[in-house]
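What follows is each chain in one-letter form.
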Amino acid sequence: MHSAQATPAPDNERYEILDILRGIALIGICVANYPVISLYIFQSPDIVAAMPTAMIDKGWAYFHFAFIDGRFYSLFSLLFGIGFSIMILRLKNSNRNAYGIFYRRLVVLLLFGLAHALLIWEGDILLLYALLGMLLPLFRKVSDKTLLVLFVILVLSPLLFDAAKVISKGSWNLAGPLTSFGIQMDARIGVTDENVGRWIVEHDSYSDVLRWLQNGFAWRWMMLIDGNRLPKVLGLFLLGFYVGRKMIYANLEENRSLLRKVQRFTLILGLPASIAFSYFELDNVRLPNTPGLLDTLFYALSVIPMSLFYASTICLLYLKPGWSGRLRLFAPVGRMALTNYIMQSVIGVLIFWGVGFGVGSLGLIWVILIAVTVYLFQILISRAWLKYFRYGPLEWIWRQLTYGKRLPIRKPPVTIQTVK
C-alpha cells in the first residue's frame, strides 16, 4: 500500500492516559518557559532583589529547581518516544510504508519547530525532537535490555562531557562556536548585558522581533548543546520506545506492580537528589569550576527520576475510579499538545514583549500566576474546540501534510433517532 493511502489513527485507537500525561506535561512546560519569555531570568541580581516579590520569588526558585526544572520536558520527551513507537508499530502492522510516513511526519514537525523558533519564540524544542526522532528507526531491532542500557548511558553521559570541561579548564566546549556567533549577532543589533532584559520590550516592531529571534536561535542551540540536552532527550526517546514496545500505557492494570516499583524507586532516588540539585543550582558555582560538576550529577539523579515518579503516580491515580475522572480534565489539552505548546509561546510574547502589551519582566511569582492562568484558559479552549472538531488546528495541518491528503476536521453532527 502506498503511503498516500495511509490515514492517521482513529479516535477509538487513542489512549486517554497518554493525552492526560501530555496535558499535565504542558502545564509544567508553561510554568518553566514563562520566566524566560517574560525576560525575568535576564534581569540583573540588583533588579531582582529590588522587586516587591523578591522573598517569595527566591522561595519559588528553590521549588522550581527541586520539582519543575527539566521534569516536564523530560515527561514530554518520554511521551514523544512512546508516540513514535505507536506510529511505527501501527503502520508496520498495516503493511504501509511505515518509515516513509514516519519521516514525513518528522519533516513536518521540523518545519513547525523552525517556524516556532524563527517567527515566534526561540526557546523551541520541536526542532530538536524532529532531528533526534529521525534516529529512532536505527534502534528498531535493538533488544529491550539494550534500549534500557543505552537510556542509562545517555542520561549519565553529561557527567563525562562536563568532566572534560573541568579537566580542560573550559577549553573543551562543543558549544563554543555558537557562543561566539551569538555574541557577534548581539553586537550587531545592540544587545548588551545591561539591556538584554528589556531590549525586546523597548523594540516594538515585528522586524525587531525577527532580529531578536535570529540571535536567540544561536543562543538556544548553544544552551542545548552546552547543557547536554541532545543525549538526554535521545535517552528519553529510547525509554519511550521501550515503553511503547511493551505497551505499558495500554495495560496499566496488568502493570500496576511495575508502576508501583518505579514510583517507589524514583521517589527514593529523585527526591533527595532534587533537594540537593536545587541547592547547588542556586549556589552560583558553575563549570569549569570542579564543584560545578555537582550540578550535573544531581541533575542526572533528580530530573528524570522525578519525571518518572510523576508519570507513574499519575498512571496509578488513573487506575482509581475517583481520580480517573479528575485527571480527564487534562486530556483535551494533551490531545491538542502541538497547538497548545505553540500557543503558549504566542500568548507569552503578546503579554510580555513590546510587539504586544509590553508588560516586560514582573516578579517571578506574578509570571508563574500568569502561566497558570494561560494554562487554565487552554483547558477551556481545548474542551470547547474538541466538542466540534476532531483535531487541534495545528494537529490537523500536521496530519494532512504527513499523509498527503485532505482530512475532515469537523466532527459529524450527532443524529438523534426517535422511536415511533
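Data block above holds the structure.
Keep in mind it's a predicted model, so treat the numbers as computed, not measured.

Draft legend 1. Representation of the overall build of the protein chain in the model. Across its full length, the protein chain holds 18 helices and 0 strands. For the protein chain, the C-alpha radius of gyration of 22 Å lies close to 22 Å, the compact-globule estimate for 420 residues. Principal axes of the C-alpha set define a box for the protein chain whose edges measure 75 × 50 × 45 Å. If you take every contact in the protein chain between residues at least 6 apart in sequence, the share linking residues at least 24 apart comes to 79%. Only carbon and sulfur atoms are counted for the fraction: they give 67% of the accessible area of the protein chain, which is about 20,200 Å². For the protein chain, the centre of its 40 positive side-chain charges and the centre of its 24 negative side-chain charges are spaced 15 Å apart.

Draft legend 2. Molecular detail of the pattern of salt bridges. Taken as a whole, this structure holds 13 salt bridges when the rule is applied. In this structure, Asp 19 and Arg 22 form a salt bridge, with 2.9 Å as the shortest nitrogen-oxygen distance. One end of the pair is Asp 19 and the other is Arg 22, both in helix α1 (residues 16-37) and 3 residues apart, which spans about a single turn. Residue classification places Asp 19 among the buried positions, given a relative accessible area of 4%. Taking the relative accessible area as the measure of exposure, Arg 22 reaches 18% and is therefore buried. Notably, a salt bridge pairs Glu 202 with Arg 198, separated by 3.0 Å at the nearest N-O pair. One connected set of salt bridges, linked through shared partners, spans Glu 281, Asp 283, Arg 286 and Asp 295.

Draft legend 3. Structural view of the nonpolar core. In terms of nonpolar packing, the biggest core is built from 116 residues, with Ile 17, Tyr 34, Leu 126, Tyr 129, Trp 212 and Trp 353 touching the most fellow members. When residues of this core are assigned to their parent elements, the largest contribution, 14 residues, is made by helix α13 (residues 293-318). Sequence-distant contacts of Ile 17, that is, excluding residues within four places in its chain, are made with Tyr 249, Leu 252, Ile 314, Cys 315 and Tyr 318. Listed in part, the 5 residues of the second largest apolar core include Phe 389, Tyr 391, Trp 396 and Leu 407.

Draft legend 4. Broad picture of a nonpolar patch on the surface. Taken together, the side chains of Leu 160, Phe 161, Trp 172 and Leu 174 make up a nonpolar region of the molecular surface, amounting to roughly 420 Å² of accessible area. One can find Trp 172 in the loop between α7 (144-167) and α8 (176-189).

Draft legend 5. Main features of the side chain of Thr 266. Here Thr 266 shows up in helix α12 (residues 256-281). Here Thr 266 falls in the buried class, since its relative accessible area comes to 5%. For Thr 266, the residues in contact, after removing those within four places along its chain, are Leu 271, Pro 305, Met 306, Leu 308 and Phe 309.

Draft legend 6. Spatial organisation of the packing of helix α3 (residues 54-67) against helix α17 (residues 364-388). Contact geometry for α3 and α17: axes closest at 8 Å, N-to-C directions at 60°. Here α3 is positioned oblique relative to α17, judged by the angle of their axes. Where α3 abuts α17, its residues Ile 56, Asp 57, Trp 60 and Ala 61 lie against Leu 364, Ile 365 and Ile 368. Class assignment for the residues of the contact of α3 with α17 results in 6 nonpolar, no polar and 1 charged.

Draft legend 7. Local environment of the packing of aromatic side chains. For the structure on display, the rule yields 24 aromatic pairs. The cationic tip of Arg 229 hangs over the ring face of Tyr 73; the distance from NZ or CZ to the ring centre is 4.0 Å.

Draft legend 8. Layout of the packing of helix α5 (residues 98-119) against helix α10 (residues 206-226). Contact pair α5 / α10: the axes reach a minimum separation of 7 Å and the direction vectors enclose 115°. In this structure, α5 contributes Leu 114, Ala 117, Leu 118 and Leu 119 to the contact, and α10 contributes Tyr 206, Leu 210, Leu 213 and Phe 217. Tallied by class, residues from the contact of α5 with α10 come to 8 nonpolar, no polar and no charged.

Draft legend 9. Just a positive patch on the surface, in detail. Together, Arg 260, Lys 261, Arg 264 and Lys 320 make up a region of like positive charge exposed at the surface. Looking at the secondary structure, you find Arg 264 in helix α12. Judged by its relative accessible area of 49%, Arg 264 is partly exposed.

Draft legend 10. Quick peek at helix α11 (residues 229-246). Given a rise of 1.5 Å per residue, 18 residues ought to cover 26 Å, and the 26 Å separating the end C-alpha atoms of α11 matches this to within 8%. Within α11, 15 of the 18 residues are buried, leaving the element largely enclosed by the surrounding structure. Phi for Met 247, located one or two positions after α11, is positive at around 55°.

Draft legend 11. A look at α8. A rise of 1.5 Å per residue sets the reference length of α8, with its 14 residues, at 20 Å; its end C-alpha atoms lie 21 Å apart and thus fit the reference within 8%. Turning to α8, its buried residues are Gly 182, Met 185, Asp 186 and Ile 189. Down the axis of α8, the buried set is contained in an arc of 100°. They therefore lie on one face. Of the residues in α8, the exposed ones pointing more than 90 degrees away from the buried face are Pro 177, Gln 184, Ala 187 and Arg 188. Along its buried surface, α8 packs onto α9 (199-202) and α10. The positive-phi residue at the C-terminal boundary of α8 is Gly 190, with phi of around 85°.

Calculation notes
Residues numbered from 1 in each chain as written. Predicted model: local features only at pLDDT ≥ 70, side-chain atom pairs only at ≥ 80, totals over all residues. Heavy atoms only, no water. Helix = DSSP H or I, 4+ residues; strand = E, 2+ residues; numbered from the N terminus. Rg over C-alpha atoms; globule rule 2.2 N^0.38 Å. Contact = heavy atoms within 4.5 Å. Areas by Shrake-Rupley, 256 points an atom, 1.4 Å probe, with all protein chains shown as cover. Lys, Arg positive; Asp, Glu negative; His and termini not counted. Charge placed at Lys NZ, Arg CZ, Asp CG, Glu CD. Salt bridge = Lys/Arg side-chain N within 4 Å of Asp/Glu carboxyl O. Buried < 20%, exposed > 50% of the residue type's maximum accessible area, 1.4 Å probe, protein only. Core = buried A, V, L, I, M, F, W, Y, C linked by side-chain atoms within 4.5 Å. Patch = residues over 30% accessible without salt bridge, like charges linked within 9 Å, V, L, I, M, F, W, Y side chains within 5 Å. Axes fitted to C-alpha atoms, helices over the stretch in contact; angles between N-to-C directions. Parallel < 35°, antiparallel > 145°, perpendicular 65-115°, else oblique. Nonpolar A, V, L, I, M, F, W, Y, C, P; charged D, E, K, R; others polar. Phe/Tyr/Trp six-rings, centres within 6.5 Å; stacked < 30°, edge-to-face > 60°. Lys NZ or Arg CZ within 6 Å of the ring centre and 35° of its normal. Expected span 1.5 Å × (residues − 1). Arc of directions from axis to C-beta.

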